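# Structural overview for review
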Amino acid sequence: MSTTEYKDGKPIKVNAAFRKYPSWYESLCDLAGLYKNGVSWDRNKYKAVIGETNYVLAIQECGYCTDPNYATKLINITEKYGLHKYDKVGNKKPVKVQAVSKKEEPQIYIVKKGDTLTAIAKKYNTTVQNLVKLNKIKNPDLILVGQKLRLK
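Residues numbered from 1 in each chain as written. Predicted model: local features only at pLDDT ≥ 70, side-chain atom pairs only at ≥ 80, totals over all residues. Heavy atoms only, no water.

## Considering the packing of aromatic side chains
Counted under the stated rule, the structure contains 2 aromatic pairs. Judged by centre distance (6.1 Å) and plane angle (55 degrees), the rings of Tyr35 and Tyr46 are tilted. Linking Tyr35 in helix α1 (residues 24-37) with Tyr46 in the loop between α1 and α2 (55-62), this pair joins segments that are 11 residues apart in sequence. Each ring, one from Tyr109 and one from Tyr124, has its centre 5.6 Å from the other, and the planes form 55 degrees; the classification is tilted. Here Tyr124 lies in the loop between α4 (117-123) and α5 (128-135) and Tyr109 lies in strand β3 (residues 108-110), a separation of 15 residues in the sequence. Both residues of the pair, Tyr109 and Tyr124, count as buried. (Phe/Tyr/Trp six-rings, centres within 6.5 Å; stacked < 30°, edge-to-face > 60°. Helix = DSSP H or I, 4+ residues; strand = E, 2+ residues; numbered from the N terminus. Buried < 20%, exposed > 50% of the residue type's maximum accessible area, 1.4 Å probe, protein only.)

## Some remarks on the confidence of the model for the protein chain
Segments scoring low in pLDDT should not have their predicted coordinates read at a detailed level. Looking at the protein chain as a whole, its pLDDT mean stands at 80, while 86% of the residues score no less than 70. Considering each helix and strand of the protein chain separately, the mean pLDDT is smallest for α2, with a value of 74, and largest for strand β2 (residues 10-15), with 91. In the model, residues 97-104 has pLDDT below 50 throughout and makes 13 contacts with residues more than four positions away in sequence or in other chains. (pLDDT = per-residue confidence, 0-100. Contact = heavy atoms within 4.5 Å.)

Below is the structure:
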C-alpha cells in the first residue's frame, strides 16, 4: 500500500506492507507483543510504554513512525476525541507537547544493567545532582534496571 514516510525530514511516498487481522482482539494481541518484544532492529523500542500511565509521555518517549510530527498529531487526536477516557489507570496531567527531532537528545532514559547515575549524567551532559532532583531519587547509589529517568 502507498504511504508517506519521512527521510531527512522530507516526506516521500513508498509502498509498504501492512498487517491485516481477522478481529480487533488479534490486532490488540499483536500490538501488545510489539510493546513487549520491540522490533527486530530494536528489542527495547517500546519498553517505555509498558506501565506508563501518561499517554502523552508514552507517545513522546517511544515515537512510532518516521513523521517528525507524529507524536503531536496522535496526542491532538487523542485529546480532540477524548480517547484518554478509555484508560483504566487514568492520566497524569499532560506535559507540553513538543515536536522532537531525531537529532535531539531523548528526554527519558531507561536504566540498563551496569548503568550508574554518574555515567548517565556524563552521557547526557547533565549532573548526578540534576538527575537525583529531577527524578526524586532518595538514594543516588541505587537505581534499578528498567527504571525510567527523566533527563530534562
